[in-house]
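# Residue-level structural notes
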Amino acid sequence: MTRTVPGALARRTTPTSETPSQRQRLDKWLWHARVVKARSSAAALVISGHVRVNGVRETSPGHGVKPGDVLTIALDRSVRVLKVVAFAERRGDAASARVLYVDLEGSS
């Protein structure tokens, strides 16, 4: 027997296409920005504690990032400091990925 919860649809918080979200999952943004090759690699990078959001270590791949957030990413042989500028609906080529962030290390 299936039990229904009254008002379950009214409490849904999933954004629709009419109301775009101001945040995107951290692992998804890292993948769209081509910091890593696979989304599972992005999630593993976050879970292992190699990503900081605004100076605070983040271990949840589902953490929402917003424009203006500064990400510090410790990769194998380098550390990248990126400022989130935009989001993407889909993963594109390298040129379209570069418009998603400003590289703060390259500006100094």
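Values in this document were obtained by computation on a predicted structure and should not be read as measured data.

## Considering the nonpolar core
Core analysis: the biggest nonpolar cluster contains 18 residues, and Leu 26, Trp 29, Leu 30, Val 35, Val 51, Leu 71 and Ile 73 have the highest contact counts within it. Elements represented by at least two residues in this core include exactly helix H1 (26-32), helix H2 (39-47), strand S2 (51-53), strand S5 (70-74) and strand S6 (79-84). Contact partners of Val 35, with chain neighbours within four places excluded, come to Leu 30, Ile 73, Leu 75, Arg 80 and Leu 82.

## Quick look at the confidence of the model for the protein chain
Taken residue by residue, the protein chain gives an average pLDDT of 85. The fraction at 70 or more is 79%. In this model, residues 8-19 is a region of pLDDT below 50 whose contacts with residues beyond four sequence positions or in other chains number three contacts.

## Considerations on the environment of Arg 98
Looking at the element boundaries, Arg 98 is found in helix H3 (residues 94-98). C-alpha separation for the pair Arg 98 and His 32, spaced 66 residues apart in sequence, amounts to 9.7 Å.

## Section: a nonpolar patch on the surface
A grouping of Val 85, Val 102 and Leu 104 is seen on the molecular surface, where their side chains present a nonpolar patch of about 200 Å² in accessible area. By the element assignment, Leu 104 lies in the segment after strand S7 (101-103).

## Quick look at the packing of aromatic side chains
Here the structure, examined in full by the defined rule, presents one aromatic pair. Ring plane angle 75° and centroid distance 6.3 Å describe the contact between Trp 29 and Tyr 101, whose orientation is recorded as edge-to-face. Highlighted residues: Trp 29 in helix H1 and Tyr 101 in strand S7, separated in sequence by 72 residues. Comparing Trp 29 with Tyr 101, the two get one shared label, buried.

## What to know about the side chain of His 32
Structurally, the position occupied by His 32 is in helix H1. Given the relative accessible area of 2%, His 32 is considered buried. Discounting chain neighbours no more than four positions away, the residues touching His 32 are Gln 24, Ala 88, Glu 89, Arg 90, Arg 91, Ala 97 and Leu 100.

Definitions and cut-offs
Residues numbered from 1 in each chain as written. Predicted model: local features only at pLDDT ≥ 70, side-chain atom pairs only at ≥ 80, totals over all residues. Heavy atoms only, no water. Core = buried A, V, L, I, M, F, W, Y, C linked by side-chain atoms within 4.5 Å. Buried < 20%, exposed > 50% of the residue type's maximum accessible area, 1.4 Å probe, protein only. Helix = DSSP H or I, 4+ residues; strand = E, 2+ residues; numbered from the N terminus. Contact = heavy atoms within 4.5 Å. pLDDT = per-residue confidence, 0-100. Patch = residues over 30% accessible without salt bridge, like charges linked within 9 Å, V, L, I, M, F, W, Y side chains within 5 Å. Areas by Shrake-Rupley, 256 points an atom, 1.4 Å probe, with all protein chains shown as cover. Salt bridge = Lys/Arg side-chain N within 4 Å of Asp/Glu carboxyl O. Phe/Tyr/Trp six-rings, centres within 6.5 Å; stacked < 30°, edge-to-face > 60°.

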